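Coordinate analysis (summary)
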Amino acid sequence: QVQLVESGGGLVLAGGSLRLSCAASGRAFRSPTMGWFRQAPGKEREFVSAISWSGIGTSYADSVKGRFTISRDNAKNSVYLQMNSLKPEDTAVYYCAAGGSWPARGYDYWGQGTQVTVSS
């Protein structure tokens, strides 16, 4: 079964905004921690943000602090990433992931990714 499905990616000008969504199902939804990762061409996958089951615990990579906001709506089985003041260096494939208890040591389920392209 499909466990995680991302949406909301696209092409945007520098300084613009996008909101990514991730819909979880099955065992992935039962995972306490949800996170976002990204991978740019020719680079390793990197951590972007994570959120605890309650939504109280959040974590951000230094490169996105003050610009990105992670949130979740458990009634909708969804997690979101609001991205503001986008920069060309934010261009990457963004992946939603589900992991263990906060703070997660690893992630057990992964989506197939959604492309975000920021042009100058």
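Now for a look at the structure at hand. Sequence order sets the numbering: in each chain, residues are counted from 1 along the sequence as written. Given that this is a predicted model, residues contribute local features only at a pLDDT of at least 70 and side-chain atom pairs are listed and counted only at 80 or more, while totals for whole chains, interfaces and linings are drawn from all residues. Each side-chain value is derived from all of the structure's non-hydrogen atoms; neither hydrogens nor water enter the calculation.

Some details on empty space enclosed by the protein
What counts is decided by this rule: For each structure, a 1 Å grid was placed over the protein atoms alone; sets of points admitting a 1.4 Å probe that cannot get out are labelled cavities, open sets with protein on both sides within 12 Å along at least five of seven lines are labelled pockets, and lining residues have an atom within 4 Å of a point. Grid points are joined across faces, edges and corners, and a volume is the space filled by probe spheres set on the points. Numbering of helices and strands runs from the N terminus; a helix is a DSSP stretch of H or I covering at least four residues, while a strand is a stretch of E covering at least two. Residue classes follow a fixed rule: Ala, Val, Leu, Ile, Met, Phe, Trp, Tyr, Cys and Pro count as nonpolar, while Asp, Glu, Lys and Arg count as charged, and any other residue, Gly among them, counts as polar.
If you walk through the whole model with that rule in mind, you get one cavity of 30 Å³ or more. Taken as a whole, the largest cavity encloses approximately 40 Å³ of empty space. Taken together, Cys22, Ala24, Phe29, Met34, Arg72, Asn74, Asn77, Ser78 and Val79 make up the full set of residues lining the largest cavity. Elements that contribute at least two residues to the lining of the largest cavity include exactly strand S3 (18–24) and strand S8 (78–83). Per-class residue counts for the lining of the largest cavity are five nonpolar, three polar and one charged.

So, the packing of aromatic side chains
Keep this limit in mind: The criterion for an aromatic pair is that two Phe, Tyr or Trp rings (for Trp, the six-membered ring) have centres within 6.5 Å, with stacked assigned to planes under 30 degrees apart, edge-to-face to planes over 60 apart and tilted to the rest.
In this structure the tally under the stated criterion is five aromatic pairs. With centroids separated by 5.1 Å and ring planes inclined at 80 degrees, the aromatic side chains of Phe37 and Tyr107 adopt a geometry described as edge-to-face. Taken together, the residues span a long stretch of sequence, with Phe37 in strand S4 (residues 33–39) and Tyr107 in strand S10 (residues 107–110) at a distance of 70 residues. Ring geometry for Phe37 versus Trp110: centroids 5.0 Å apart, planes at 55 degrees, classification tilted. With Phe37 in strand S4 and Trp110 in strand S10, this pair connects stretches of sequence that are 73 residues apart.

Structural notes on the nonpolar core
Put simply, the rule is: For the purposes of this section, nonpolar cores are sets of buried Ala, Val, Leu, Ile, Met, Phe, Trp, Tyr and Cys residues that join through side-chain atoms within 4.5 Å. A 1.4 Å probe rolled over the protein chains alone gives each residue an accessible area, and that area as a share of the maximum for its type sets the label: buried under 20%, exposed over 50%, partly exposed in between.
Trp36, Leu81, Met83 and Tyr94 are the most contacted members of the largest nonpolar core, which totals 26 residues. Broken down by secondary-structure element, the contributors of at least two residues to this core are S3, S4, strand S5 (46–51), strand S7 (68–73), S8, strand S9 (92–99) and strand S11 (114–119).

Points about the pattern of salt bridges
Quick note on the threshold: What makes a salt bridge here is a side-chain nitrogen of Lys or Arg within 4 Å of a carboxyl oxygen of Asp or Glu, nothing more.
Summed over the entire model, instances satisfying the criterion amount to four salt bridges. As a salt-bridge pair, Glu46 and Arg38 come within 2.7 Å of each other at their nearest N and O atoms. Arg38 sits in the buried class, given a relative accessible area of 5%. Ionic pairing is found between Asp62 and Lys65, a salt bridge with its closest N-O pair at 3.2 Å. Using a relative accessible area of 65% as the deciding quantity, one classes Asp62 as exposed.

Quick look at the pairing of strand S1 (residues 4–7)
The condition that has to hold: Here, any two strands with at least 2 DSSP bridges between them count as paired.
Residues Leu4 and Glu6 line the buried face of S1, whereas the alternating positions Val5 and Ser7 sit on a face that is not buried. As judged from the four bridges shared by S1 and S3, these two strands associate in the antiparallel manner. Bridging across to S3, Ser7 finds its partner in Ser21.

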